[in-house]
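Close look at the chain arrangement
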Amino acid sequence: MQQEIRNIAIIAHVDHGKTTLVDAMLRQSGVFRENQEITERVMDSNDLEKERGITILSKNLSIHHSGLKINIVDTPGHADFGGEVERVLTMVDSVLLLVDAFDGPMPQTRFVLKKSLDLGLRPIVVINKIDRPGARPDDVVDMVFDLFCELNANEEQLDFPIVYSSAKLGFARFEIDSDNQDLEPLFDTIRDHVPAPTGDPQADFQLLVTSIDYDDYIGRIATGKIFNGRVKAGEQITMIKRDGSVIRGRISKLLGYQGLKQVELETAAAGDIVSIAGFEEIGIGETFAGGENPTALPCINIDEPTLSMN
Ligand code: GDP
């Protein structure tokens, strides 16, 4: 159900704690309930997949928490080669801007934040590492506010929700000096402030491909958000190429995420982010579509690399 999906990206300067936060969210979510320990760090680990014999083909992941499925898509740190940032941001309905409570916002996150604001997204601000000696969360909030102003945020965007966290200690708070010891305030904020994805589950299937991975066994794997309709494993669908040509084919695998683990799905619907295998010619920015009159989604620009201005 669309109402139960939240699609977000995390914008963070390196070392501000993105990996630690995602680890903590995974630990406090349903997936690792059965005393399963996450011993490896997530977003930047490839060894994990080898060790568990699973395939982490892209850096996306899903967290299941109190009936909600939170899809977290990875954003490139700062440079925007080939419009990658835009591509990723077309899939999400909000971003978490994660900022170190001691360091404050860093210029490298500016670019992605600006893109998010320009696209009309309303970021959630997470001030992390509040346990750090010398942390100055109030000052950092002011700095973030100034940065939003500088980047021409609108009034709604300036009215950002703030969550204070220690990803390391696994807690989040609405007030800095409350005594909350878990991440519930962060999960609550995601549920309440990130809009559920839009799209018509009854319409014909449409998915915009935003990344491509390759697996030795299953071949090319295209990932993107289902904008409309539903899709089933094994189904015949149409791939609409950039030049307008159409090629029909069968989905060999429909994949989603449970935590970090890529799992096979039977079916998926509008709003969700999934991967499809079985199409060796599919490219980024192209559409998978179903129905009698398969229609392409607006192509996203990937041809002209935009240079980051930091
Ligand atoms: P990333 O580069 O944004 O993924 O950052 P990491 O999650 O790898 O964290 C960078 C460093 O900051 C690591 O040494 C973490 O242990 C530390 N760290 C992350 N979150 C916190 C926190 O809430 N408090 C403190 N004190 N350290 C943290």
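Because the structure is predicted, anything quoted here is derived from the model rather than measured. (Residues numbered from 1 in each chain as written. Predicted model: local features only at pLDDT ≥ 70, side-chain atom pairs only at ≥ 80, totals over all residues. Heavy atoms only, no water.)

1. Thoughts on the sheet that holds strand β14 (residues 261-264)
Read from one edge of the open sheet, 8 strands run β12-β11-β17-β8-β9-β16-β13-β14, paired in antiparallel fashion. Among the strands making up the open sheet, the edge pair consists of β12 (246-250) and β14. Neighbour-to-neighbour, the strand axes of this sheet turn through a mean angle of 35°, independent of strand direction. Here 5 bridges tie strand β11 (residues 236-240) to β12, and the two strands are oriented antiparallel to one another. Opposite Thr238, over in β12, you have Arg248 as the bridge partner. (Pairing = 2+ DSSP bridges. Helix = DSSP H or I, 4+ residues; strand = E, 2+ residues; numbered from the N terminus. Axes fitted to C-alpha atoms, helices over the stretch in contact; angles between N-to-C directions.)

2. A short note on the packing of aromatic side chains
As enumerated under the stated definition, the model contains 3 aromatic pairs in all. Ring centres of Phe148 and Phe160 lie 4.8 Å apart, and the angle between their planes is 55°; this geometry places the pair in the tilted category. Separated by 12 residues along the polypeptide, Phe148 in helix α5 (residues 137-150) and Phe160 in the loop between α6 (155-158) and β6 (162-166) bring together distant segments of the chain. Residue Phe160 is classed as buried on the basis of its relative accessible area of 8%. In this structure an aromatic cluster arises from ring pairing among Phe145, Phe148 and Phe160. Looking at Arg173, its charged tip hangs above the ring of Phe171, at a distance of 4.0 Å from the centre. (Phe/Tyr/Trp six-rings, centres within 6.5 Å; stacked < 30°, edge-to-face > 60°. Buried < 20%, exposed > 50% of the residue type's maximum accessible area, 1.4 Å probe, protein only. Lys NZ or Arg CZ within 6 Å of the ring centre and 35° of its normal.)

3. Examining helix α1 (residues 18-27)
A large share of α1 lies buried, amounting to 8 of its 10 residues. When we look at burial in α1, the residues that qualify are Lys18, Thr19, Leu21, Val22, Asp23, Ala24, Met25 and Leu26. Of the surrounding secondary structure, the elements contacted by the buried residues of α1 are β1 (5-12), β2 (61-65), β3 (68-73), β4 (94-100) and α7 (184-193). (Contact = heavy atoms within 4.5 Å.)

4. As for the nonpolar core
Counting residues in hydrophobic clusters, the biggest one holds 31 residues, and the most contacted among them are Val92, Leu97, Ile127, Val144 and Phe148. No other element matches the 5 residues that α5 contributes to this core. Among residues more than four places away in sequence, those in contact with Val92 are Asn7, Ile8, Ala9, Val73 and Leu121. By size, the runner-up hydrophobic cluster in this structure holds 26 residues, among which are Ile8, Ile63, Val126 and Leu186. (Core = buried A, V, L, I, M, F, W, Y, C linked by side-chain atoms within 4.5 Å.)

5. So, the environment of Leu183
Mapped onto the elements, Leu183 comes out in the loop between β7 (171-173) and α7. Those residues within four positions of Leu183 in sequence are excluded, and the remaining contacts are Leu21, Ala24, Met25, Gln28, Gly170, Phe171 and Ala172.

6. What about the environment of Leu297?
Relative to the assigned elements, Leu297 resides in the segment after β17 (287-289). Judged by its relative accessible area of 12%, Leu297 falls in the buried class. A C-alpha to C-alpha distance of 6.5 Å links Leu297 and Leu208, two positions 89 residues apart in sequence. Among residues more than four places away in sequence, those in contact with Leu297 are Gln206, Leu207, Leu208, Phe227 and Thr287.

7. Section: the sheet that holds β6
Read from one edge of the open sheet, 7 strands run β2-β3-β1-β4-β5-β6-β7, paired in mixed fashion. The sheet is open, and its two borders are formed by β2 and β7, each paired with just one other strand. Between one strand axis and the next, the sheet turns through 30° on average, direction left out of account. Bridge count between β1 and β4: 5 bridges; the pairing is parallel.

8. Topic: the pattern of salt bridges
For the structure on display, the rule yields 11 salt bridges. A salt bridge links Lys69 to Asp272; the nearest nitrogen and oxygen atoms lie 2.8 Å apart. Linking Lys69 in strand β3 with Asp272 in the loop between β15 (267-269) and β16 (273-277), this pair joins segments that are 203 residues apart in sequence. Here Lys69 and Asp272 have matching classes, each one buried. (Salt bridge = Lys/Arg side-chain N within 4 Å of Asp/Glu carboxyl O.)

9. What about the UniProt feature "binding site: GTP" (unreviewed entry) in the protein?
Cross-referencing UniProt, the feature "binding site: GTP" (unreviewed entry) maps to Asp15, His16, Gly17, Lys18, Thr19, Thr20, Asn128, Lys129, Ile130 and Asp131 in the present numbering. Residue position: Thr20 is located in helix α1. Note on Thr20: relative accessible area 28%, which makes it partly exposed. Mapped onto the fold, Ile130 is located in the loop between β5 (124-128) and α5. Setting aside anything within four residues of it in sequence, one finds Ile130 in contact with Ala101, Ala135, Pro137, Tyr164, Ser165, Ser166, Phe171, Arg173 and Ile176. (UniProt positions renumbered as here; feature names shortened; annotations may be inferred.)

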